[in-house]
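Examining the three-dimensional arrangement
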Amino acid sequence: MYSRHVDSYIVGITWMYTAGKFTKLERCILCWFVSCGIIHTFLEGHFSLFHATMLERQDFLAQMWKEYGKADSRYLISDNFTVVMESITAWIEGPLSFITVLAFLRNSPYRYVFQIILSLGQLYGATLYFLLEAREGFPHGPYRHPLYFWFYFVFLNTLWIVIPLLLIYQAACKLGKAQELADGTSIQKKSK
């Protein structure tokens, strides 16, 4: 509960801070990246650091992982793929989420490059996460359970497929337009 409140508070501050500076869509995207930064760095970072002792731990984040472990026991048995995937997510995608937010706030010309890199990482990780479990026949959780399978496993993780796909598309369109302008400018200069 505490981490959800902290996340909501920081996302709310992001929403208010960006008012008048960005469109509503851009503000939603920035809030998404802030939320990803918090989730990846702190929640998944906790798993990365303490996966081997998760069952023994009594701290709040360990309790969250134990609850999620009811949907996917790979988090309770230190499954090699899960540990590696979550470590990459925590220590690369977490900081990159915050770097992406800063790039947008500073109007960096690299903001959409960061958006694509981060979104591709999220998409790749979530896709492997689903496909490996599906290939094994969903043995690590209660298949088709309304809460553990459909909400925890499918819905929550599908967010990291659908939203990154949309963000990759958006960034590709922005970068394509920028390249088109750059090409048009360079062609005009060459023809003079």
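Structure: see above.
Here is what the cut-offs are and how they apply
- Residues numbered from 1 in each chain as written.
- Predicted model: local features only at pLDDT ≥ 70, side-chain atom pairs only at ≥ 80, totals over all residues.
- Heavy atoms only, no water.
- Axes fitted to C-alpha atoms, helices over the stretch in contact; angles between N-to-C directions.
- Helix = DSSP H or I, 4+ residues; strand = E, 2+ residues; numbered from the N terminus.
- Parallel < 35°, antiparallel > 145°, perpendicular 65-115°, else oblique.
- Left-handed = near helix turned anticlockwise from the far one by under 90°.
- Expected span 1.5 Å × (residues − 1).
- Patch = residues over 30% accessible without salt bridge, like charges linked within 9 Å, V, L, I, M, F, W, Y side chains within 5 Å.
- Areas by Shrake-Rupley, 256 points an atom, 1.4 Å probe, with all protein chains shown as cover.
- Salt bridge = Lys/Arg side-chain N within 4 Å of Asp/Glu carboxyl O.
- Buried < 20%, exposed > 50% of the residue type's maximum accessible area, 1.4 Å probe, protein only.
- 1 Å grid on protein atoms, 1.4 Å probe; cavity = no way out; pocket = protein on both sides within 12 Å on 5 of 7 lines; lining within 4 Å.
- Points joined across faces, edges and corners; volume = space filled by probe spheres on them.
- Nonpolar A, V, L, I, M, F, W, Y, C, P; charged D, E, K, R; others polar.

Interhelical geometry of helix α2 (residues 24-50) versus helix α4 (residues 80-105) gives an angle of 150° and a closest axis separation of 7 Å. Taken together, α2 and α4 sit at an angle that is classed as roughly antiparallel. Relative to α4, α2 is oriented so that their crossing is left-handed.

Taking 1.5 Å per residue, 26 residues should reach 38 Å; α4 reaches 37 Å between its end C-alpha atoms and fits that length. Looking at the residues trailing α4, positive phi occurs at Asn107, about 55°.

What follows concerns a nonpolar patch on the surface. A contiguous nonpolar patch, built from Tyr9, Ile10, Ile13, Met16, Tyr17, Leu102 and Leu105 and spanning about 700 Å² of accessible area, is present on the exposed surface. At the level of elements, α1 (2-17) and α4 are the ones that each hand at least two residues to the nonpolar patch. Inspection of the secondary structure assignment puts Met16 in helix α1. Residue class for Met16 comes out exposed when judged on its relative accessible area of 60%.

What follows is about empty space enclosed by the protein. Evaluated as defined, the whole model comprises 1 cavity of 30 Å³ or more. By volume, the largest cavity amounts to about 60 Å³. Forming the boundary of the largest cavity are Ala71, Asp72, Glu133, Phe138, His140, Gly141, Pro142, Tyr143, Tyr148, Phe149 and Phe153. Of the residues forming the lining of the largest cavity, the biggest block, 3 residues, is contributed by helix α6 (residues 146-191). Considered class by class, the residues forming the lining of the largest cavity number 7 nonpolar, 2 polar and 2 charged.

With that settled, the discussion passes to helix α5 (residues 111-135). Given a rise of 1.5 Å per residue, 25 residues ought to cover 36 Å, and the 36 Å separating the end C-alpha atoms of α5 matches this to within 8%. Where α5 terminates, the next one or two residues include Gly137, which has phi positive at roughly 85°.

None of the figures reported here should be taken as evidence of function without further support.
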